[in-house]
Structures are given as structure tokens and as C-alpha cells.
Amino acid sequence: MRLRVPALWLFAGSVLLAMAAGAAAQTPAPMPAAIAEPQDRPYPGVIRLAVDASDVARHIFRVRETIPVESGALTLLYPKWGPGNHAPVGRIDSLAGLIIRADGKRVEWTRDTVDTYAFHLTVPAGVRSLDLEFQFLSATDDAQGRIVATPEMLNLQWLSVVLYPAGYFARQITVEPSVQLPDEWQFATALEIESTAGATTAFKQVSLEVLIDSPMFAGRHVKRVDLDPSGPVPVRLNVFADRADLLEAKPEYLDAHRALVTQAYRLFNSHHYDHYDFLLALSDRLGFIGLEHHRSSENATVATYFTEWDKNPGARELLPHEFTHSWNGKFRRPADLWTPNFNVPMRDSLLWVYEGQTQYWGYVLAARSGLVTKQQALDQLAYTAAIFSHRPGREWKSLQDTTNDPIVTARRPIPWRSWQRGEDYYAEGELVWIDADTIIRELSNGQKSLDDFARAFFSVDDGEWLTPKTYMFEDVVAALNAVQPYDWAAFLRARLDAHDGPPLDGVARGGYKLTYTDTASDYFKKLEAQRKYADFTFSLGFNVGRENKLSDVLWGGRAQAAGLTVGTQLIAVNGEAYEKDRLIALMKAAKTDNAPLEFIVKNGSRYSTVRIDYHDGPRYPHLTRDEAVPARLDQILAPRQ
Ligand SMILES: [Zn+2]
């Protein structure tokens, strides 16, 4: 429909326009010239990159870089888009002290005013190389970002310590890296050593793409374990810990990690690396990370991973997840996530495969390898199923739309997670793939499963790793159809675009029902302890974190209705200081009592009293066997022979 405009208005309007023209109407200022698009052509010469990572006391990485150049205009880029992060995570704000010289003379640079990761300069005539120096000032406090250096260990990510020329594919730029570490420290990385001199190690030349895919962990207390002595290529577990005693691991724990490799090979029937190095930090101080690479993965978890094994089952899906990524994500990669360099934007539309199916295989492989027990796996799935049964945000935001979340939210804290949603394509993606797996098992009478999809989809070009094989939605559908004919496109779209009820079909077809009791599972309690929170989401609708402050409040839940928000501090319940177990006891008592629970809460300096009229008792999720349905989930979780 068009708006009808009276003729007189048109006349008046044209007079005004003429007046505006006479006063020289404002026009937009021109944008800077576009930065050269990456081309698939070799960058002439080799970049020498020397990183001094020895200043762990001050968390400063000092970089010297020599870049071969020709005279004329040049643009240098600081990596912005992090592979595996699916987001513009490059910390350009942490780059400082950039001084560029040619033959000892200073060459001034100017930063692009639109793309602040780009530095423009003019190389003087006759100059053949530039000498750069700068620092990466990594976080010294959690509030500034992830801690990557401690007195005991460090995590060097090349993405943070390199500038590279615009106009070339990353695989066409050759780099000769070297690192200086604190004295006596050991390191692990997928890179291969060229030479060692004291605390400085030079590595063999690699492309910029491989360099950034090959981070380093280094530290004082190190243990290395060969996980696959008789396998096709080496797979090593490189453990770095805050203290030497934290490295002690019982043989059966290491056997479970060995079984992870065996079970992954039985699942994927291939490998896409020439060697693989798990980098594993057991630390209370190094910032958490789980980041995949072709030939390694960066993993940081609880310091007591080995020494308090029974307390930390929730920490043991990390390695299976990141290992799976060598197949799903690194080698097979969504076409819109493969980018020619680190400054071309990534698009995340297929993260429900990249991360969602990896979440599923990580979950399955943790159980198949014995890293977690079957009961722990069932309890973990119950928790996931319960979370997505309490996800009101599904009403407006589809699972598909959550794939934009790494860019939209960038893992910043948010006030209403259940309504805004987060990176739900991980865990809700896991539920989609259980759904798909159990459908295949049902339709094929147990003859086929999602294992067959994994074998077909990820085993192509066995042994290859340098050249990722990309795919699109249609390729996933075709591969599913080759395993078990079905309308997979409609199946996937229905789940990706859904706004309806909880996504529990896979759990039901797996032979289980989601139920709630007033007692938390052992797994649930341990996860609460590990993550230092108390989860009342499924009853009162909140989660209590550090300092007894609410770390999550369920949208539409009882706590929200009572006016509580994230950040509210629980002071007292029914007149006594808040404690998790005391609240649980009061909730149980309130089942046979008409009085509401009365909370004293604190927001800033303001105390107030809040009543929640709740009488259904504590509610904790469990999976209960449904004997009417084959126990497909049990089959999925059983180790492959
Ligand atoms: Zn992942």
C-alpha cells in the first residue's frame, strides 16, 4: 500500500528541497579505500616471527617480525576472526608498541579508521624488508579477558602475536616462527622443531594458516603420555599443571584417554592429521579454553582433573569434544565458515553441525571410552533435556538464529539467558542429533545409525588435513539419505526453525523419559560443585553463583515474577542466612505448608524482602527408562567393539 500525498504538500515539499539545495545539503564523508581482498597467490619471501614469551610475570609477549616487502603501499592486518571461535575475537586492543622500521629508519603507519585491525604504510623505494616490533599485552586480570600466562604455564596463540600482509590467502604466506620461553620450561605444539638454542626454539617454516592452527602450551610441570603407541600416527596427551603433584594420574584414567582415541577411530574410520597433540592445562589460574585445531587442541580445565577424578565427571567431555573437531569442524567445514585469511568475516549458519554434532559425538565418545559412566551420561543428558524444556526463548528465536550468537553476544554475560538464548546450537544441537540417530536406528531396525553417517561424511580423503573439505546444508542431507532414506531436509528444517515444545523426541525414541525428583543426581551435584553454583532453575527459576548472587534467572519463572534478576544477592531465607542445603530443606518443608518462602535479598546497597509462593519442592532432572521403547540410548552409549 502506498501513502497518498495531497498536491499542496508536494508543492511545499519541493520548495523546502530547493531551499536545502541552496544551503549545500550535507553529504556523507567518503569511506577509506577498500582493503585488498585476499588472492590465492604466493606471498614472496618468508616472514620471520620471533616471540619472546618469557615475561610471564607481567603477561607480556614481545614480538619482532621481519616482513619481506616491495616498495609502495602496504597494508598489514592483525587477525580478527578466530577459527573455532566463529567470531571477531582478535584483541586488537591488546596490541601496543607497534614501531616499524626499514633499514633502521622509522616508517610511520596509520590505522584504517573503518577496519581498525588494518595498518597502512608506504614502503620507501629500495626497501626489501620491514622490521616490526610490538607487544601483545595479555590480560593480567580476569576482568580484562582470558588469562594466558601464569608463573607456571602459558598458552601462546599465534593469532595474537602476528601482523600479516593484506591481499593474500593465509595458506600462501610462509612464516618461520621462533619462541623464547622462561628457562627450564617445556612446551607442546603441533609445530615441528627446526633448532633449539637455550630457551629459544625455532620451528620449521609453515604457512600462516598452519601457524595459527598450531598454538603452544608451555610450563614448568609437564607430563606427556603416548595415547596410541600402535596407531597409524602419534597421538599424545601433553599435560601442564599448576603443581607437579596434580600430574599424578592413575593408569585407568590414562586408559580411558587411550580408549577415546580407539573409539574415535572406530567411529570415524579415519584421521585427518599426521600427528595429534592434546594440549591440556590443569589449572586454577589459566583461563578456561576448549579450542580445536587440525593437529592439536587447546584444553584448560580444573586443576584436580586427575587427582580428584571422582569429583569432576563434568570436566571429561572436553577432550572428546575437541578431538571430534579434528574431523567435524576442522577437516569437514561449513562452506561459509572457511575463509581465506583471518580478516574476512565468518558466517556461522551451519554451527548446529559443526558444534551441535561435535557436542553429540563428544558426549557419546566420553561414555564409549569410559571417561564417564553410562549413568553419568544419562544424568548429563537429563540436565540438557531439562534446560531446553525451560527455554522460553525458543518462542521467538529459532535454533537456526542462535548460530549468529558468537557474533551477536560474543560470550558476554547477559541478563536473561533463557529468553535471549545463547550458543544453544551446541546443546540443543546435541538433542537434534540424538533425534536423528534414533530415527535412523528405528527406521533401519537397528541396522544403521548416525555412526554410519559419521563414517561416510568424515572419512573422505583419509589422512588429509591440509586442505579442509567444505560442505553445505544439502551435503548433510544427502549424506543422511545415503545412510537411511528419509525426508531429512524437512526433519532438519523443522527442528532448526521450531518455535514449539521441548525438543525431547530423541530422548523418547532413545527409550527414556525426562522426569523430575526432589533429589539431584550425583552427576548434577558434582557439576554444581565444579561450577560453583546451585541450580534451582527447574523449581524456583534461578541459579545461585559466587557470593550467593543469582547468576541466571529463568524468564517467566517464579523468581522473575517476584522481581529477582541476575546479580541479586540472596542474604536470607525464612529468617536464616542463605545456604543451598537449607533452602532445599525449606522447599521440601513448604510442600506441606501454605506459607510462602521469604527471601531477604540485596541489590547494590538496597535490601528487600521477596516472597515466592512455591510448594512443589525441589525439582531435579533424571532420565527414567521407558520399557515400551527399545533402549536405543544404551546402544548409542555402549563402546564399539
Ligand atoms: Zn566445539
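The structure under discussion appears in the preceding block.
Keep in mind it's a predicted model, so treat the numbers as computed, not measured. (Residues numbered from 1 in each chain as written. Predicted model: local features only at pLDDT ≥ 70, side-chain atom pairs only at ≥ 80, totals over all residues. Heavy atoms only, no water.)

### Quick look at unusual backbone geometry
Test applied: Only DSSP runs of H or I with at least four residues qualify as helices, and only runs of E with at least two residues qualify as strands; both kinds are numbered from the N terminus onward. Buried, partly exposed and exposed residues are distinguished by accessible area as a fraction of the type maximum, computed with a 1.4 Å probe on protein chains only: under 20%, between the cut-offs, and over 50%, respectively.
Positioned with a positive phi, His 86 is a non-glycine residue whose angle comes to about 60°. Along the chain, His 86 falls in the loop between strand S3 (72-77) and strand S4 (95-102). Owing to a relative accessible area of 1%, His 86 belongs among the buried residues under this scheme. Backbone geometry places Asn 445, a non-glycine residue, at a positive phi of 50°. In this fold, Asn 445 is placed in the loop between helix H11 (427-443) and helix H12 (450-458).

### What about the layout of surface pockets?
For the record, the criterion: Using a 1 Å grid laid over the protein atoms alone, points where a 1.4 Å probe fits but cannot get out form a cavity; open sets with protein on both sides within 12 Å along at least 5 of 7 lines form a pocket; any residue with an atom within 4 Å of a point counts as lining. Grid points are joined across faces, edges and corners, and a volume is the space filled by probe spheres set on the points. Here the term charged refers only to Asp, Glu, Lys and Arg, the term nonpolar to Ala, Val, Leu, Ile, Met, Phe, Trp, Tyr, Cys and Pro, and the term polar to all other amino acids, Gly among them.
A volume near 330 Å³ is recorded for the second largest pocket. If you trace the second largest pocket, you find 17 residues lining it, with Tyr 43, Glu 70, Ala 73, Leu 74 and Tyr 168 closest to the centre. Among the residues forming the lining of the second largest pocket, the class breakdown is ten nonpolar, four polar and three charged.

### Comments concerning the sheet that holds strand S9 (residues 153-156)
Operational definition: Strands are labelled as partners when DSSP assigns at least two bridges between them. Between the N-to-C directions of two axes lies an angle of 0 to 180 degrees, each axis being a line fitted to C-alpha atoms and, for a helix, fitted only over the stretch in contact.
Spatially, S9-S16-S12 is the arrangement adopted by the three strands of the open sheet, whose pairing is antiparallel. The strands lining the two open edges of the sheet, one partner per strand, are S9 and strand S12 (186-189). Adjacent strand axes in the sheet meet at a mean angle of 15°, parallel and antiparallel pairs treated alike. Summarising the sheet, S9 and strand S16 (residues 216-219) pair through four bridges and their orientation is antiparallel. Within S16, the residue paired with Leu 154 across the bridge is Ala 218.

### Let's talk about empty space enclosed by the protein
Summed over the entire model, instances satisfying the criterion amount to two cavities of 30 Å³ or more. Considered as a void within the structure, the largest cavity measures approximately 250 Å³ in volume. Looking at the largest cavity, it is lined by 21 residues, and the ones nearest its centre are Pro 83, Glu 209, Lys 330, Arg 333 and Phe 342. Of the residues in the lining of the largest cavity, the class split is twelve nonpolar, five polar and four charged. Of the pockets and cavities examined, the second largest cavity occupies roughly 40 Å³. If one sorts the elements of the lining of the second largest cavity by residue count, helix H7 (residues 374-389) sits on top with three residues. Looking at the lining of the second largest cavity residue by residue, the class counts come to five nonpolar, three polar and one charged.

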